[in-house]
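In case you want the letters, here they are:
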Number of protein chains: 2
Amino acid sequence: MATRYVFLFSEGDGKNKQLLGGKGAGLCTMTQLGLPVPPGFVISTEACLDYFEQGEQFPPELMPQVRAAIASVEKAQGRGFGDPPNPLLLSVRSGSAVSMPGMMDTILNLGLNDDTVSGLAARSGDERFAWDSYRRFISLFSSIALGIDGDHFHRALETLKRDRKARFDTDLSTEDLRNLVNIYKLIVRGNFGKPVPSDPYEQLALAVRAVFASWNGKRCVDYRREFKITSEMANGTAANVQAMVFGNLGPRSATGVAFTRDPGTGENAFFGDYLTRAQGEDIVAGIRTPKPISELRTEMPEVFQELLGVREKLEKYFHEVQDIEFTVEEGRLYMLQTRNAKMNAAAAVKTSVDLMRDGVLSKEDAILRLNPSQLSQLMYRQIDPRFKIVPIAAGIGASPGAASGSVVFDADEAERQSRAGRKVILLREQTKPEDVHGFFAAQGILTAVGGKTSHAAVVARSIGKPCVSGCGDIRINHLEKSASIGEHKIEEGTVLTIDGTAGRVWLGEVPTREPDMSEELNMVLRWSDGFRTLAVMTNADTPADALRARKFGAQGIGLCRTERMFNAADRLPVFQELILAEGKEERQRLLERLVPLQKQDFKAIFRAMEGLPVTVRLLDPPLHEFLPSEDEVERDIENLKRFQSALENINQLPDILKAVDPHLGSVITMDTVMVKNLEKLQRFGLDKKAAQRKAEVLRKVRAMKEVNPMLGHRGVRLGITYPDIYEMQVEAILEAAGELIKERVDVHVEIMVPQVCTGQELKYVQGMIKRIEKRVSERLEVAIPYKFGTMIEVVRACMRAGRLAEMAEFFSFGTNDLTQATFSFSREDAENKFLPLYNERRILQDNPFEILDVKGVGRLMMITVEWGRKTRPDLKVGICGEHGGEPAAVEFCHSINLDYVSCSPYRVPIARLAAGQAAIKAKRGILNPPK
Amino acid sequence: MATRYVFLFSEGDGKNKQLLGGKGAGLCTMTQLGLPVPPGFVISTEACLDYFEQGEQFPPELMPQVRAAIASVEKAQGRGFGDPPNPLLLSVRSGSAVSMPGMMDTILNLGLNDDTVSGLAARSGDERFAWDSYRRFISLFSSIALGIDGDHFHRALETLKRDRKARFDTDLSTEDLRNLVNIYKLIVRGNFGKPVPSDPYEQLALAVRAVFASWNGKRCVDYRREFKITSEMANGTAANVQAMVFGNLGPRSATGVAFTRDPGTGENAFFGDYLTRAQGEDIVAGIRTPKPISELRTEMPEVFQELLGVREKLEKYFHEVQDIEFTVEEGRLYMLQTRNAKMNAAAAVKTSVDLMRDGVLSKEDAILRLNPSQLSQLMYRQIDPRFKIVPIAAGIGASPGAASGSVVFDADEAERQSRAGRKVILLREQTKPEDVHGFFAAQGILTAVGGKTSHAAVVARSIGKPCVSGCGDIRINHLEKSASIGEHKIEEGTVLTIDGTAGRVWLGEVPTREPDMSEELNMVLRWSDGFRTLAVMTNADTPADALRARKFGAQGIGLCRTERMFNAADRLPVFQELILAEGKEERQRLLERLVPLQKQDFKAIFRAMEGLPVTVRLLDPPLHEFLPSEDEVERDIENLKRFQSALENINQLPDILKAVDPHLGSVITMDTVMVKNLEKLQRFGLDKKAAQRKAEVLRKVRAMKEVNPMLGHRGVRLGITYPDIYEMQVEAILEAAGELIKERVDVHVEIMVPQVCTGQELKYVQGMIKRIEKRVSERLEVAIPYKFGTMIEVVRACMRAGRLAEMAEFFSFGTNDLTQATFSFSREDAENKFLPLYNERRILQDNPFEILDVKGVGRLMMITVEWGRKTRPDLKVGICGEHGGEPAAVEFCHSINLDYVSCSPYRVPIARLAAGQAAIKAKRGILNPPK
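Residues numbered from 1 in each chain as written. Chains lettered and ligands numbered in written order. Predicted model: local features only at pLDDT ≥ 70, side-chain atom pairs only at ≥ 80, totals over all residues. Heavy atoms only, no water.

## Some remarks on the side chain of Asn-539 of chain A
Residue and element names in this part refer to chain A. Worth spelling out the cut-off: Under the scheme used here, helices are H or I runs from DSSP no shorter than 4 residues and strands are E runs no shorter than 2 residues, and both carry numbers assigned from the N terminus. Here a polar contact is recorded for every N or O atom pair within 3.5 Å, except that within protein the pair must consist of a potential hydrogen donor and a potential acceptor, and residues adjacent in sequence are included only if both atoms are side-chain atoms. Contacts between residues were defined by any pair of non-hydrogen atoms, one from each residue, lying within 4.5 Å.
By the secondary structure assignment, Asn-539 is in strand E24 (residues 535-539). Within the structure, the side chain of Asn-539 is placed 3.3 Å from the backbone oxygen of Cys-880, a separation counted as a polar contact. Dropping the residues within four chain positions of it, Asn-539 is found in contact with Gly-558, Leu-559, Arg-561, Cys-880, Gly-881, Ser-902, Cys-903, Ser-904 and Pro-905.

## A closer look at the pairing of strand E5 (residues 237-243) of chain A
Residues and elements named next belong to chain A. Rule in force here: To sort residues, take the accessible area from a 1.4 Å probe on protein chains only and compare it with the maximum for the residue type: under 20% means buried, over 50% means exposed, and anything in between is partly exposed. Paired strands are those between which DSSP finds at least two bridges.
The element E5 is extensively covered by neighbouring structure, given that seven of its seven residues are classed as buried. With burial as the criterion, each face of E5 is covered, one bearing Thr-237, Ala-239, Val-241 and Ala-243 and the other bearing Ala-238, Asn-240 and Gln-242. Pairing of strand E2 (residues 40-43) with E5 involves four bridges; the strand directions are antiparallel. Across the sheet, Phe-41 pairs through a bridge with Val-241, a residue of E5. Across seven bridges, strand E3 (residues 90-96) lies against E5 in antiparallel orientation. Across the sheet, the residue bridging to Ser-91 is Gln-242, located in E5.

## Digging into the packing of aromatic side chains
Under the convention used in this document: The rule is short: rings of Phe, Tyr and Trp, with Trp giving its six-membered ring, pair when the centres are within 6.5 Å, and they are stacked under 30 degrees, edge-to-face over 60, tilted in between. When the NZ atom of lysine or the CZ atom of arginine is within 6 Å of a ring's centre and also within 35 degrees of its normal, the charge is said to sit over that ring.
Summed over the entire model, instances satisfying the criterion amount to 41 aromatic pairs over all chains. Judged by centre distance (4.9 Å) and plane angle (75°), the rings of Phe-153 of chain A and Tyr-184 of chain A are edge-to-face. On the criterion of sequence distance, the pair formed by Phe-153 of chain A in helix H6 (residues 150-163) and Tyr-184 of chain A in helix H7 (residues 174-192) is long-range, its members being 31 residues apart. Exposure class is identical for Phe-153 of chain A and Tyr-184 of chain A. Each is buried. Put simply, the rings of Tyr-51, Phe-52, Phe-58 and Phe-212 of chain A pair up and form one aromatic cluster. Sitting over the ring of Phe-58 of chain B, Arg-209 of chain B keeps its end group 4.8 Å from the ring centre. Taking the ring centre of Phe-810 of chain B as reference, the NZ or CZ of Lys-876 of chain B above it sits at 5.7 Å.

## A few points about the packing of helix H2 (residues 45-53) of chain A against helix H8 (residues 200-215) of chain A
Residues and elements named next belong to chain A. The condition that has to hold: To get an axis, fit a line to the C-alpha atoms, keeping to the stretch in contact for a helix; angles then go from 0 to 180 degrees between the N-to-C directions. The labels follow the angle: roughly parallel below 35 degrees, roughly antiparallel above 145, roughly perpendicular from 65 to 115, and oblique for the rest. Note that Gly is not counted as nonpolar here; it falls among the polar residues with everything else outside the nonpolar set of Ala, Val, Leu, Ile, Met, Phe, Trp, Tyr, Cys and Pro and the charged set of Asp, Glu, Lys and Arg.
Direction vectors running N to C along H2 and H8 enclose 80°, while the axes themselves pass 10 Å from each other. Regarding the angle of H2 to H8, the classification is roughly perpendicular. Counting all contacts with H2, which are made through Ala-47, Cys-48, Tyr-51 and Phe-52, the residues of H8 involved are Arg-209, Phe-212, Ala-213 and Trp-215. Tallied by class, residues from the contact of H2 with H8 come to seven nonpolar, no polar and one charged.

## Things to note about the pattern of salt bridges
Residues and elements named next belong to chain A. Stated formally: Note on definitions: salt bridges are taken to be side-chain nitrogens of Lys or Arg within 4 Å of carboxyl oxygens of Asp or Glu.
Following the criterion strictly, the structure yields 103 salt bridges over all chains and no others. Linking Glu-735 and Arg-779 is a salt bridge whose minimum nitrogen-to-oxygen distance equals 2.2 Å. A residue pair is termed long-range when its members are at least 10 positions apart, and Glu-735 in helix H26 (residues 723-742) and Arg-779 in helix H27 (residues 759-780) qualify at 44 residues. On the basis of relative accessibility, which here comes to 9%, the residue Glu-735 falls in the buried class. One connected set of salt bridges, linked through shared partners, spans Lys-599, Lys-603, Glu-731, Glu-735, Glu-739, Arg-775 and Arg-779.

## A look at the relation of the copies chain B and chain A
The operation relating the two chain copies consists of a rotation about an axis and a shift along that axis. What counts here: To superpose the copies, least squares is applied to the C-alpha atoms of every residue with a pLDDT of at least 70 in both.
Between chain B and chain A, the superposition needs a rotation of 179° and an axial shift of 0.2 Å, giving an RMSD of 0.3 Å. Both copies of the chain, as the preceding transformation shows, are related through a two-fold rotation axis. Identified as the residue of chain B closest to the rotation axis by C-alpha distance is Asn-708 of chain B, at 2.1 Å. The overlap is high: 100% of the interface residues of chain B also sit at the interface in chain A, so the same surface is used on both sides.

## Considering unusual backbone geometry
You will see that His-319 of chain A, though not glycine, has its phi angle at about 55°, which is positive. With respect to the helices and strands, His-319 of chain A occurs in the loop between helix H12 (301-318) and strand E9 (322-329). His-319 of chain A gets classed as partly exposed once you look at its relative accessible area, which sits at 39%. Unusually for a residue other than glycine, Asn-897 of chain B sits at a positive phi of about 65°. Examined against the element boundaries, Asn-897 of chain B turns out to sit in the loop between helix H34 (887-895) and strand E31 (900-903). Owing to a relative accessible area of 51%, Asn-897 of chain B belongs among the exposed residues under this scheme.

## Concerning the interface of chain B and chain A
The condition is simple: Throughout, the accessible surface (probe 1.4 Å) given up by two parts as they are put together, summed over both, is called the buried area.
At the junction of the two partners, chain B supplies 48 residues and chain A supplies 48 residues. For the pair chain B and chain A, the summed buried area comes to about 4,600 Å², and 61% of that belongs to carbon and sulfur atoms. Put simply, chain B and chain A have two salt bridges between them. Salt-bridge contacts for Asp-853 of chain B lead to Arg-796 of chain A; the nearest nitrogen and oxygen are separated by 2.7 Å. Applying the counting criterion to the chain B and chain A interface returns 30 residue pairs in polar contact (both at pLDDT 80 or more).

## Observations regarding the sheet that holds strand E13 (residues 396-399) of chain A
Residues and elements named next belong to chain A. Strand order in the open sheet formed by eight strands is E12-E22-E21-E14-E15-E16-E17-E13, and the pairing between neighbours is mixed. Because the sheet does not close on itself, it has two edges, and the strands there are strand E12 (393-394) and E13. Note: strand E14 (residues 402-408) against strand E21 (residues 495-499), five bridges, orientation antiparallel. Bridge pairing in E21 links Ser-404 to Thr-497. Strands in contact with helix H15 (residues 411-419) are E14 and strand E15 (424-428); relative to E15, the strand with the most contacts, it is inclined by about 175°.

## Quick look at the packing of helix H13 (residues 345-357) of chain A against helix H18 (residues 519-531) of chain A
All names here are of chain A. Our working rule: Handedness of a crossing follows from how the near helix is turned relative to the far one, being left-handed for an anticlockwise turn of less than a right angle and right-handed for a clockwise one.
In the contact formed by H13 and H18, the axes pass within 8 Å of each other and the chain directions differ by 65°. Classified by the interaxial angle, the pair formed by H13 and H18 is roughly perpendicular. The handedness of the crossing between H13 and H18 comes out as left-handed. Each of Val-349, Lys-350, Ser-352, Val-353, Met-356 and Arg-357 in H13 lies in contact with H18, whose residues at this interface are Glu-520, Leu-521, Met-523, Val-524 and Trp-527. Among the residues making up the contact of H13 with H18, the classes are represented as seven nonpolar, one polar and three charged.

## Quick notes on helix H3 (residues 62-77) of chain B
Residue pairs spaced three or four apart in an α-helix point in one direction, given the helix's 3.6 residues per turn. Residue and element names in this part refer to chain B. Counted only if it meets this: The length a helix should cover is 1.5 Å for every residue beyond the first. What the arc describes is the spread of directions from the helix axis to the C-beta atoms.
Given a rise of 1.5 Å per residue, 16 residues ought to cover 22 Å, and the 23 Å separating the end C-alpha atoms of H3 matches this to within 8%. Among all positions of H3, only Leu-62, Val-66, Ala-69, Ile-70 and Val-73 are buried. One side of H3 holds all its buried residues, which, seen down the axis, span an arc of 105°. Looking at the buried residues of H3, the elements they touch are strand E1 (6-8), strand E2 (40-43), helix H2 (45-53), strand E3 (90-96), helix H8 (200-215) and strand E5 (237-243). Positive backbone phi, approximately 65°, marks Gly-78, located one or two places after H3.

Put into structure tokens, the structure is as follows:
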């Protein structure tokens, strides 16, 4: 049986996005809901895949099915495809299962040629419209299907407009457009060697080919990689062929893009832009700044009312905010697209609350529809409201959040500078799909032209970058790579701050402050808390971090690193002395200076976390990280030597002079040289010692040098070779806890050992803690309960989980180190050397340091949990690596029955939401099982 | 019920070595076999453990049981312990379940005091003997039980001998000995504060305490650590208390040590030494050079005949060569010890063959009794027989093998120099147990005094180090740290060569050659081959290595590293250019120069291994290993600069001179300076380019620097980032194979990919190989069969074994890297920083880079095998890390059903034997199951 590749809108199954693509499915659904959709059909994604499978050839069944479908459209429209007196024009649009805005290609007005353009003019009674459509067709078709650079057409249009002193396209006359068509034809001949084919079926075949080809084009492939769109999520693109309707057919025609609710705030208000006398791409490309949809109410009241009905019908059907495209042709409304709206986090959260309250969504669905990663947008810093300086420009607040950076004028430069570690703001007249890599690289985006639905706005919102669009005061000089805003000259490197919430621009860097969590966000997170079984803890090393995390809902500290307690300005010199000290007594003396300082640190953190567990990790980094580098010490020694020899020369000066003239020498000795340099010479005496000391430091630094520091002398290995350091830490922790307990503060201490690879290490430290606990609790006369556990960050610890659980009451996966050990990747080396290529070539889907590697590291984790709990069924197991706040990792942790995740304070809300979603999915049986 | 701690020799269970120790069990067995053993009893190892358990106190039951046993001995001997007229004297000897020669303590003549010495004199009718025994007792007891430095007694004896012009102890008169006793008593008072207790029970209690204490003494603990004697193998020492018999009682008395067969060759000939008028320790300590046992046949014919009977009886009973100690007291033979003989590898192999042929042992038992690691002795180099220079000295060939090194005069120095990477020969008058660390450090041992059973000989044989003992021409001056051999002056650092097989010493380094495998060894290995199921392959990178391994029985190459093919003198410059090259064409040109060179290498190896598989590993090390280090390049650049500026000055010289005197300047220009320096100046021109080039190298070297090279850009990661290198290698391999196949050579190529962590990597390389194979086989018009597989050396590869096995036809564990990744230990850092302490504190039992870590790495291996074979049931799995030739690892590999092990050529025989043993043990159900 021949494969069915072609589905009329009235036939296609709107639920089957995989086959029909999102756009096609939406058109089918709308058609079948009785909404006004111009007739057309979908060429399925399967046709696209078979096209590539067969060496970029159409499957033989395809074109006959297309011809049959066109016959049906011709019949419905009463027009003929390529029929000169009464031509049917078509649009061809791509559309895959996952929406990739602006990524794939669209061709309009297909079917026009020198013959049919006259027919169109005659039938529409609008010659100007016909020629406007024709010139649009040629430029769009040529750039997409023939591969001619669109700039040629753009420049020709701009030149003509300048000639005619036309401000907008609409100011051009029919004659102008007819000329333009001729110019365009010359461009096509010049660049392509032959004209645009006049046979409409040939046009159609080329257009469908171009749509298919765009799926494997660089832009599209990059986008899928960036957004991690796998072939399971979307495979191939459909091509949607539809009868044209014309937003550019006279003043009662228009085209528009709208959201059923405000995608920036979530407010339940119809939201969008439209342009009269325009075709769809004019809005999306941001070529003219459009009017807000509210103006349509007065400009075309019936159309507006009908649109409100459509809006209601669609939300009711999809249970989701919709992003729609429509065209008004001579006062008649046509729907061209509907899809679930991309919203920023605030809007997504607000609409979840509203839809749940309105009974459209259940609480579970209201939670599930949110993207946890997106919440980080709400954690973005905002312009400090106390900052009163007047902005230099205002535009449209197209994507919220504040950002500062140096201006760059193109996406490549943005990428280059960002790679070099610079924060940049991408400033463009308007953005295009090929600029997307610049969005990822930039802190924020600022455009001179375009509304809330312009390319810049849509993309910025979808990736959560601040964006100000349509900032009309900006004048860009592309040649000079400079711009002006009012009297301000902006050059590459000028620092700007933008506020994408309010649509403001400032010169220089502006102070920002932390965000508050909105009431809606708190509500959604509380709902999620009601479902989740995973506890969410935080990684915090200071009382300030601890309090912040607590505000975001952290249920304790899962990782309190102690290295900062050695690095602070008042401790580092003491700790460095300790590292250099040889004698037992001297070590003891230095350690005793550190105990009270660390005890104060611990007390402050325990107080901040009163009532919640605080997991303290004993010292982890190698000692050489606390000493200056070899180069630094060598430089210091060199400088000291130079200084000394300079002083020695000064010192000899009087003697030399005395030899010349005894009297003179002594005068100078007493007077000029000696007195002046007395101080210096005293320092010289000291410096001799300093030099010795530095030499000693150098010796030690060299002795501590490691070939592979990642696999070196650190963590518990230090605790065993220098037990006095761990003893000091344990004493400080337990004294802090004990003293607070005596003050009736509710303290829950957990002590965690890093880098463990064998049970004996844990046994050693456990013995040490028990001894110290006995001593401290006797001295303070108070019981000090504590839990004892281990990081799991060495592969051998996974293999020995059963043995470790004999001693450890809890495990905490350190997935950063564990990932390095599992892959034998050194993170900094891998990310600088081969990992980008690995991701590009799809050797690895993700950077495993960002996205938890479920198949490798995850499998080790599963084994560990299983073996650990075999020994100790109530073993508490969590994760405290960077992955702890990454939604997919949180879901995985739920699926392997961890007890908690721990992440940075700002990621706590994300983890709370992701944990709730995981629990709901598990309940519904739709959670991915661990592999 | 009270614990039974004491067992009479007539009662104890000779099979229970754990309880009675080896020596005690032997004495019980001999007694119960009816051999002439002086009566006595064993205080069990349990008593020792309880002694430590109870805070170094005897358990209360102990002494009453001892008194009862002594009563029984008194009765048997008709003497009284401490009875002045008729004293019973006792020996107290330690003895644990595992023989630790010379490690623990022995006290003789216990029961003597000022009263009983007279009784002994009267009863023996030999006053001299009584006082000789008494002085021996005081010195031995005081140094062992009272902790006085034995050197005091030794020096007093030597002083006295010098005074009396006595050559040997036996030349001293009764009066001399009586005086010596008085001097000894003064030494004891001076060093201990009070005299040796006269109460014999007090003496006994102190002696038993000393024996127990020796178990936890440093010497003993070090020994157990070095020889990996765990507490399951031996826990605590027994104390053997036995009636004294006297080898020093007149001319018809003697003491001897013998082996039932020659422990150096395995020859079935009675072998040993004896001394008349001596006590046991005189022989073991090598104080006088003893007579060979054959002389006993004429000196004491009846005793000799009786001894031959004992010899036969013991071998028949134990089915093992025995190491015995005996004493002849006034013509009567007494047996004091029997234990399984420690033999060198040649002897062990020969006796296995002989005992099997004589029907004493089954083939299986003949295999099982051998220690595979010992075979490496047979792989030692021998003095090249073509070397005809006369040695400077001859001694006893006490432990076979040849070794060269610089002389050191004490064990600590041996250890120091060996740590610094120097090869040393330990030269001593005689060795003592406290010298053992020097044995481990030295290449060989040379002593002036002592026979084949001296301490030096026994220890050297047991650890397989060459040893020449009793080299009487050596005169040592300890103060000056020098020695002389004939007219040759030997100082610290003088290089000597010793041949422990023939007992010869040469000045300087003497050429050596490879060993041949003896017929007996070949026979035993063939027997083992008959049992084993594991194949034994070799790691070989050159045809020479391959042929050598084949001679030793290797069944193919399990690991052929290709890095040497880039490092050879004719390739390295080309490969370095390649690393620095940027352009595709230049790279191609350089690669094309490498292909034919590598092809020749592969052809030679394939030919050498005709009929057997050759597993070629594609390039593994990071590219920076092929470039000079950053420091080196910086130094080069510095030197070039200096040279250039020097030349510039010379260059300016004529101008300067011309300015002074135009005529002079031109003369010098033409003549002296210019001509002389013309060549230099030309080089200068070249050097300018050289400096540029060096700067380029420096840039590249810096760019390639890695923070953790162990986890860096290497293995397949290189193959993916620089595919042309792998392509070149694959082309060379397949062309070599194809061309040989056309010549009808039987080639079995296996291509192995290193550092794989994900299936995509393997898929990538597999695709590359398939493409190249197609091209090469079409060009050569011959099919080139090959196998494709992967190293398993990254933890993630273990986790993804099921996926990797979809592509890989074989797995080969790279346990060196896998161990590093599993422990997160960088081998060089760990071994220099914390691993020694970890071993000392028993945090880790072994160095996991030497002994495979079964519990961690081994568990990963098990999982990998299981998951890999689930995908591909006939997956071939092997190991090619250094562990591949380590017997315990071989046994483990058998237990987890690997197909092969691969090891260095010299370890192939070891692996063959270990694999046979593992199969036999498995058959008998005594193989350790994997944990």
